[in-house]
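Architecture and fold: a report
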Amino acid sequence: MTEAPSLLSIVVPVYYNEANLPDTIPALLGLREQLAPTELELIFVDDGSGDGSLDLLVEAQRRHPDVVRVVKLSRNFGSMAAIQAGFSFAKGNCVGMISADLQDPIELFGTLIRHWRQGAKAVFAVRQGREESFSQRAFASFFYSMLRRYALPGYPEGGYDFFVIDRQLVDEVVRMEEKNTHLMSLIYWLGFSPVMVPYVRKARRKGKSRWTFAKKVKLLIDSFVAFSYLPVRFLSAFGLLTSLLAVCYAAFQVVARLVWDVPVPGFSTIVVLIALTSGVQMTMLGVLGEYLWRSLDESRRRPLFVVDRIYTSNPSCPISPIHKP
């Protein structure tokens, strides 16, 4: 019995990947034979690259109009927004995501698709190891251990951003339109008993990564604000503990003065207490501000991304997303 053909859409966010694309594009196109009878659609999302990435993508689309589509965003909206843009335009029965830097093994898509054909709605390629620097490994280990313990129990220990998910999950992510979030955590939060496929993440061979430390810290904050109440609850507990300590200290001062006739130093005590309470209050306001800012950003209803142009074989293709759940 011949297996019914299906369509896999692979979303590739692109940001200053000029050095990698000459290798990445042919490698992805080579999946057509490996994944047969599954058909292939490649959606490259240019996230405001300032190098020659877009020119390479447009040339690839011209050479392979039946497979390649290019979505050019009006500016840099961030990798999560770029992936969501790709999801919005994907037409496949299932949708995959992979970075453009060739640190993830493209040939592993064969295994991911096989699990999807067997009924799995979410298949994650999970990092079992990393050919990266000690600082990168240490930050990743800290990030995912905190995420597993305080936000999303059971989350893959090594993390993932290389996956294949069913159309149903894609529709849910597009429908939510959530901003300032960690998209992979959001997909995991949806459930559906994901299948984990381990692999070792390779070192970057070409180009310079734009995934800076500041972006990593923002992702860490976004993840905890989006999926955990721990920061707010910690501040509540810390504020209560500080109040109790202040009451105990005040009682000690009263007893020391009335019972032991110990003089109470005024200026030093006041300075210490003001500095302590001010620091606690500013920290609390900062954490609450993170939640309030994200609530304000959501209430504005601004789009997650703005499309400048779409390069496709269909000249009448609209700029608005093709698929709406």
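Presented here is a report on the structure given in the accompanying data block. (Residues numbered from 1 in each chain as written. Predicted model: local features only at pLDDT ≥ 70, side-chain atom pairs only at ≥ 80, totals over all residues. Heavy atoms only, no water.)

1. Regarding the overall build of the chain
Counting its regular elements, the chain contains 11 helices and eight strands. For a compact globule of 325 residues, the expected C-alpha radius of gyration is about 20 Å, and the chain comes in at 25 Å, more than 25% above that figure. Residues classed as buried in the chain amount to 46% of the 325 residues present. Summarising the internal contacts of the chain: among those between residues at least 6 apart in sequence, 83% fall at separations of at least 24. About 17,000 Å² of surface is accessible on the chain, with carbon and sulfur atoms providing 60% of the total. (Helix = DSSP H or I, 4+ residues; strand = E, 2+ residues; numbered from the N terminus. Rg over C-alpha atoms; globule rule 2.2 N^0.38 Å. Buried < 20%, exposed > 50% of the residue type's maximum accessible area, 1.4 Å probe, protein only. Contact = heavy atoms within 4.5 Å. Areas by Shrake-Rupley, 256 points an atom, 1.4 Å probe, with all protein chains shown as cover.)

2. Focus: the sheet that holds strand 7 (residues 195–201)
Strand order in the open sheet formed by eight strands is 7-5-6-4-1-2-3-8, with mixed pairing between adjacent strands. A single partner strand is all that each edge strand has here, and the edge strands are strand 7 and strand 8 (307–311). The sheet shows a mean angle of 20° between the axes of neighbouring strands, direction not considered. Inspection of the sheet shows strand 1 (residues 7–14) paired to strand 4 (residues 94–97) by four bridges, in the parallel sense. When the sheet's bridge partners are listed, Leu8 is paired in strand 4 with Cys94. Against the sheet, helix 5 (residues 109–117) makes contact with strand 1, strand 4, strand 5 (122–130), strand 6 (162–166) and strand 7, and its axis sits at roughly 25° relative to strand 6, the strand it touches most. Here helix 7 (residues 167–176) sits on the sheet in contact with strand 4, strand 5 and strand 6, set at roughly 95° to strand 6. (Pairing = 2+ DSSP bridges. Axes fitted to C-alpha atoms, helices over the stretch in contact; angles between N-to-C directions.)

3. As for the pattern of salt bridges
One pass over the full model with this rule turns up 11 salt bridges. Residue Arg63 pairs with Glu59 through a salt bridge whose shortest N-O separation is 2.8 Å. Pair noted here: Arg63 and Glu59 are both in helix 3 (residues 53–63), with a separation of four residues, about one helical turn. Exposure remark for Arg63: the relative accessible area of 57% places this residue in the exposed category. Accessibility expressed as a relative area gives 30% for Glu59, which makes it partly exposed. Between Asp171 and Arg167 there is a salt bridge whose closest N-O contact spans 3.1 Å. Here the residue Asp171 and the residue Arg167 both occupy positions in helix 7, the gap between them amounting to four residues, near one helical turn. In this structure, Asp171 and Arg167 share a single accessibility class: buried. Here the salt bridges share partners, and the residues they tie into one network are Asp101, Asp104, Arg127, Asp161 and Arg201. (Salt bridge = Lys/Arg side-chain N within 4 Å of Asp/Glu carboxyl O.)

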